[in-house]
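A structural walkthrough
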Amino acid sequence: MRKKVNVVCRHVVLTLLVIFWLIPILWLVCNSFSAYQGVNISHFFPEQWSLANYRAMLFEPDSVAQFPAWFANTFFIAVFNCIISTCFVLMVSYAMSCMRFPARKGLMNFAVILTLFPGFLSMIAIYFILRTVGLTNSHFGMILVYSGSAGLGYLIAKGFFDTLPKALREAAYLEGASQARVFFTIVLPLSKPIIVYTVINSFLVPWTDFIFAKIILNSGISEDWTVAIGLYNMLNKTLVNSYFAKFCAGGVMVAIPISALFVLMQKFYVEGITGGSVKG
């Protein structure tokens, strides 16, 4: 009886947490379909439903809301960062897991220590470096910064590589295979879960980042902004009464690609996390 009560209590608590988590999301989705443009706190569900906000964001950009340009900028940065960062993470992880060289453990510990510091502590220094070389207000500069530090996030991928049979690599070495051949023909085909996990994480970093993008893309030219900066600007106190419903529509559309990607790759994503947590 006591066990049943504990199970019921846990499920009640989890249900309440889910409700509290879903209410803001549901409210944002409902407001995105509202015919009223401002913040409507008198009704949870809109009195009049409309698709005008989605149509305006997608097909009727103005001086404030230029969602197609923001989406294209963010997608461009995210895709290139995803490709470069995934390569860096996998190569560093393979080196740390499967190769033995002097100072290997020291480098691993140093990398872990660096990741303990919040990333925004280095943003001012990064900004001045980019300004010196003329890469502020540049999507290329943002890609360089996002992907340049990606190798520090090697730990989970290394844990996954640690679980792969060592005998496969040793057999390939005996046949005369190089490290590169072993990596591309043996290790990578067995590493689909961790590759998917790394790809999704690498794509999410620029897609959801606001602070660094706000610091770098500071020219005031809205066409150069990412989605995060553009949507945040729509919440300005002089604009919110005219653009809040459009902001909600933009938030929903931004969430769709990530949600779809996660649903499609969920199996591999979970396998990558669990596989990478077996060894460290």
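Owing to the predicted nature of the structure, the values given are computational and were not obtained by experimental measurement.

Our next topic: helix α1 (residues 2-32). Its 31 residues place the ends of α1 45 Å apart at the C-alpha level, agreeing with the 45 Å of an ideal helix rising 1.5 Å per residue. At Leu 22, α1 is deflected by roughly 30 degrees, the largest bend along its length, and proline Pro 24 occurs up to four residues later in sequence. Among all positions in α1, only Cys 30, Asn 31 and Ser 32 are buried. On the buried face of α1, the contacting elements are α2 (52-59) and α13 (240-264).

A few words on the side chain of Thr 226. Within the element layout of this structure, Thr 226 appears in the loop between α11 (211-216) and α12 (227-233). Under the relative-accessibility criterion, Thr 226 is labelled buried at 3%.

Turning next to the layout of surface pockets. Estimates place the volume of the largest pocket at around 950 Å³. Around the largest pocket, the lining is made up of 31 residues, and of these Gly 119, Tyr 146, Ser 149, Ala 150 and Val 205 lie nearest the centre. Among the secondary structure elements, those contributing two or more residues to the lining of the largest pocket are α3 (67-98), α4 (104-115), α5 (123-132), α6 (139-148), α7 (155-162) and α10 (192-208). Per-element tally for the lining of the largest pocket: the top contributor is α10, with five residues. Of the residues that constitute the lining of the largest pocket, the class distribution is 20 nonpolar, 10 polar and one charged.

Time to look at the packing of aromatic side chains. In this structure the tally under the stated criterion is 15 aromatic pairs. Relative to Phe 203, the ring of Phe 75 has its centre 6.3 Å away and its plane inclined at 75 degrees; by these criteria the two rings are edge-to-face. Placement of Phe 75 in helix α3 and of Phe 203 in helix α10 is noted, with a sequence separation of 128 residues between them. A relative accessible area of 41% places Phe 75 in the partly exposed class. Note on Phe 203: relative accessible area 9%, which makes it buried. Members of the aromatic cluster, each reached through a chain of ring pairs, are Phe 67, Phe 71, Phe 75, Phe 203 and Trp 207.

All right, on to empty space enclosed by the protein then. Gaps between atoms show up when a probe of the same size as a water molecule is rolled over them. In the structure shown here, the tally under the stated rule is one cavity of 30 Å³ or more. Computed from the structure, the largest cavity encloses a volume of approximately 40 Å³. Among the residues making up the lining of the largest cavity, the classes are represented as eight nonpolar, no polar and one charged.

Conventions adopted
- Residues numbered from 1 in each chain as written.
- Predicted model: local features only at pLDDT ≥ 70, side-chain atom pairs only at ≥ 80, totals over all residues.
- Heavy atoms only, no water.
- Helix = DSSP H or I, 4+ residues; strand = E, 2+ residues; numbered from the N terminus.
- Expected span 1.5 Å × (residues − 1).
- Bend = angle between axes of the 7 residues up to and from the residue.
- Buried < 20%, exposed > 50% of the residue type's maximum accessible area, 1.4 Å probe, protein only.
- Contact = heavy atoms within 4.5 Å.
- 1 Å grid on protein atoms, 1.4 Å probe; cavity = no way out; pocket = protein on both sides within 12 Å on 5 of 7 lines; lining within 4 Å.
- Points joined across faces, edges and corners; volume = space filled by probe spheres on them.
- Nonpolar A, V, L, I, M, F, W, Y, C, P; charged D, E, K, R; others polar.
- Phe/Tyr/Trp six-rings, centres within 6.5 Å; stacked < 30°, edge-to-face > 60°.

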